[in-house]
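Chain and residue survey
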Amino acid sequence: MTTDSKSINSTVSSNSSSVSGTATPAKQTQGSQPGLASFLKAILSFTGDLSSLTCPSFLLNGISLLEYGAHWSDYPHVLAEITKATDSEERIKLVARWFVSTLYGSYNKRVAESNTGEKKPFNPILGEQFLASWDDPEYGTTKFICEQVSHHPPVSAIYFENTKAGIYASGHFSQKSKFRNTTMKVVQEGRVTLRMKNSDEIYCLSLPDLDICSILTGKPFLEMSSTTYIRSNKGYTAEFQWYPKPYFYGEYHKFDGKIFKDSAAQFVANGNNREQLYQLSGKWVAQSRVVNTKNGQDEVLFDVAAQPSADIIIKPLDEQSDLESRKVWNKVSEALASGNYDVASREKTAIEEEQRALRKRRAENNEKWEPSLFFWVDDADAEPAVKDSYAYLYPAKDSIGTGCWVYKHSPHLAENADNSASVSGTQTPSDAFSTAPGSVA
C-alpha cells in the first residue's frame, strides 16, 4: 500500500465495521471450488509459517491476524485488578487469572460463537497497524496497539495499557507449523512482558502451542498444547500444562498448573528450590479454579460464562489511516461477507502484488524499512529484571527467543535515561493514537 506518513486519529468510535467471513458462497462451494483439492494436498506436507500457506478465499475469516492480539485485553477489569494486589503471592495469582481470561477469545470464541470452523486470517502487510480500545466504568479506558514489524518471518508486535490502573505490556508473536495426521501443530514464538507503575515486579510470559484439529474431517478448531510459563523478577512462577483431548476418550480444553516461588537462576522441572503456593485446574474455555496449597482454600480462578468480554471499540473506516487493518483489507472483507469469492481473491492478490513491488523497490534502492511504533531489544541489552526472568524460562521454553519488540513510548522507557537517545520519553503511550507515523514506503 503506497502511502505517505499519516497520523493515527486520536478519536476512537464504537461504530466499528466488523465483518465476518461466514457468508454462503454466491457461485462457488467448498465441494466444487477448484482450489480446495490442491490446498488440502498442500497442507498434508506443510511445514513452516502459516503466512506462506495460500488457501481458497472461502477459507478466509475476513479479519487480519493483527486483530487476534486484541484478545489480551478482552477483560480490561481483570487486567486492571492485578494492581490491587498487596503482595507478590496475590499478584502472581491475579496475573495468572488475567492470562487465563485472554485464552477463550484468542483460541475458541470464533468457533464457539459461529456456525463455521476456525478460518485463516489475512496475513498482515508490513507496517500494518490495528488500534482498539475498551471502556470500563471503574477502570476507564484500556488501549491496544499492534504493528506488523516483520514480513519474513512474519512477526506482530503488541502493546496494551490502562493508564488509570497504571498497567501495561509489550510483546510479539509469530507461528511455525507442521501438519500431522489431521492436525496442524503450531509453535507460537514470542513473549509478553507485563509491568505496573505501583510495583517494581515485572512479569515475563511465554505463549502456548496450538493444535488446529479436524482440518480434513470436520469443522476446524483450536486446542492448546505443551506448557506455558509466567515468571516474575521476584522469583514467582506460574506453570500451565495444556491437554489436548486424546483420540478415543477424555475432554477438550483441559489444563492444570501450579504457582510456586523458585530461587533458582534457571528453570528445572520439579526443582528442589521450589515453594508451591497454588494449584490450578479446569477448562480454559469455561471455568478454572485455584487452590491455596497452604490452607486449602478453593476458589474460582476465572469463569468465561460468568461475564461477557468487554465491547471492543474501533474507529470507523473514514477515521482510520491507510495502514490500519480494516482499511487495508476492507474490499476483501466486503467481498467475503457477500460470498463473492472471486472478487475477494482478486482484491487480496492486488494487495499482495503491491507489497511485493514495494519490497522490490526497497531492495533496489537499498532502503531499510523500520517499524513506526516498536523497536527491538536483545536480552543482552535489557534491564536485569527482564534479562534474568527470560533466562530462567529459556531452558523450559526456548520459543520465547532472546529478545523482544518494545513499544517506543512505554512508560518505563521515559524513566530510563539510557534510552533518551532513541526514545524521547516526552510522549505518553496514548499519544500513539494521534501522532504515530503510518508510512510503509
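From a predicted model like this one, the values you see are computed outputs, not experimental measurements.

Details of the overall build of the chain
Helices and strands together make up the secondary structure of the chain, namely 11 helices and 19 strands. Taken across its 441 residues, the chain has 56% of its residues classed as buried. Of all intrachain contacts in the chain linking residues separated by at least 6 positions in sequence, the fraction that spans at least 24 positions is 63%. Here the chain has roughly 19,100 Å² of accessible surface; of this, 48% comes from carbon and sulfur atoms.

Examining the confidence of the model for the chain
Chain-level pLDDT for the chain is 85 on average; 81% of the residues reach the 70-or-more range. Every residue in residues 1–34 scores below 50 in pLDDT, and together they form 95 contacts with partners more than four places removed in sequence or on other chains. Low pLDDT (under 50) marks residues 417–441, which in the prediction has 68 contacts with non-local residues, meaning those over four places away or in another chain.

Notes on the packing of helix α7 (residues 330–337) against helix α8 (residues 341–364)
It is the contact of α7 with α8, at a shortest axis distance of 8 Å, that shows an interaxial angle of 165 degrees. Comparing the axis directions of α7 and α8 gives the class roughly antiparallel. In this structure, α7 meets α8 at a crossing whose hand is left-handed. Contacts between α7 and α8 involve Lys331, Val332, Ala335 and Leu336 from the first element and Tyr341, Val343, Ala344, Glu347, Lys348 and Ile351 from the second. Here the contact of α7 with α8 is composed, by residue class, of 7 nonpolar, no polar and 3 charged.

Regarding the pairing of strand β8 (residues 183–196)
Within β8, 11 of the 14 residues are buried, leaving the element largely enclosed by the surrounding structure. Taken together, the 14 bridges between strand β7 (residues 167–180) and β8 define a ladder with antiparallel strand orientation. Across the sheet, Ser174 pairs through a bridge with Glu189, a residue of β8. Connecting β7 to the next strand, β8, in antiparallel fashion are 2 residues, including Asn181 with a positive phi near 55 degrees. Pairing of β8 with strand β10 (residues 209–213), which is carried by 3 bridges, proceeds in the antiparallel orientation. Bridge pairing links Met184 to Ile212 in β10.

Quick notes on unusual backbone geometry
Residue Pro153 is reached from His152 by a cis peptide bond, and omega for that bond is 0 degrees. The residue Pro153 is located in the loop between β5 (140–150) and β6 (155–162) in this model. Phi is positive for His253, close to 65 degrees, though the residue is something other than glycine. With respect to the secondary-structure elements, His253 resides in the loop between β13 (236–243) and β14 (254–262). Among the residues examined, His253 registers a relative accessible area of 9% and is labelled buried. Phi angles above zero are rare outside glycine, and Asn366 is one such case at about 55 degrees. Take Asn366: it is sitting in the loop between α8 and β18 (374–378). Residue class for Asn366 comes out exposed when judged on its relative accessible area of 74%.

A few points about the packing of aromatic side chains
In this structure the tally under the stated criterion is 21 aromatic pairs. Geometrically, the ring pair formed by Phe99 and Trp242 is tilted, given 6.3 Å between the ring centres and 55 degrees between the ring planes. With Phe99 in helix α3 (residues 88–101) and Trp242 in strand β13, this residue pair connects regions lying 143 residues apart in the sequence. Residue classification places Phe99 among the buried positions, given a relative accessible area of 1%. Measuring from centroid to centroid gives 6.4 Å for Trp134 and Phe144, while their planes differ by 75 degrees, and the two rings are edge-to-face. One end of the pair, Trp134, is in strand β4 (residues 129–136); the other, Phe144, is in strand β5, and 10 residues separate them in sequence. You can call Phe144 buried: its relative accessible area is 0%. Over the ring of Tyr252 we find Lys245, and its NZ or CZ is 5.4 Å from the ring centre.

Quick word on the pattern of salt bridges
Across all of its chains, the model carries 24 salt bridges by this definition. For Glu89, the salt bridge identified is with Lys294, shortest N-O distance 3.1 Å. Here Lys294 lies in the loop between β16 (287–292) and β17 (298–303) and Glu89 lies in helix α3, a separation of 205 residues in the sequence. On the basis of relative accessibility, which here comes to 24%, the residue Glu89 falls in the partly exposed class. Judged by relative accessible area, which is 51%, Lys294 ranks as exposed. Of the charged contacts in the structure, one is a salt bridge between Glu118 and Arg110, with a shortest N-O distance of 2.7 Å.

Criteria and cut-off values
Residues numbered from 1 in each chain as written. Predicted model: local features only at pLDDT ≥ 70, side-chain atom pairs only at ≥ 80, totals over all residues. Heavy atoms only, no water. Helix = DSSP H or I, 4+ residues; strand = E, 2+ residues; numbered from the N terminus. Buried < 20%, exposed > 50% of the residue type's maximum accessible area, 1.4 Å probe, protein only. Contact = heavy atoms within 4.5 Å. Areas by Shrake-Rupley, 256 points an atom, 1.4 Å probe, with all protein chains shown as cover. pLDDT = per-residue confidence, 0-100. Axes fitted to C-alpha atoms, helices over the stretch in contact; angles between N-to-C directions. Parallel < 35°, antiparallel > 145°, perpendicular 65-115°, else oblique. Left-handed = near helix turned anticlockwise from the far one by under 90°. Nonpolar A, V, L, I, M, F, W, Y, C, P; charged D, E, K, R; others polar. Pairing = 2+ DSSP bridges. Phe/Tyr/Trp six-rings, centres within 6.5 Å; stacked < 30°, edge-to-face > 60°. Lys NZ or Arg CZ within 6 Å of the ring centre and 35° of its normal. Salt bridge = Lys/Arg side-chain N within 4 Å of Asp/Glu carboxyl O.

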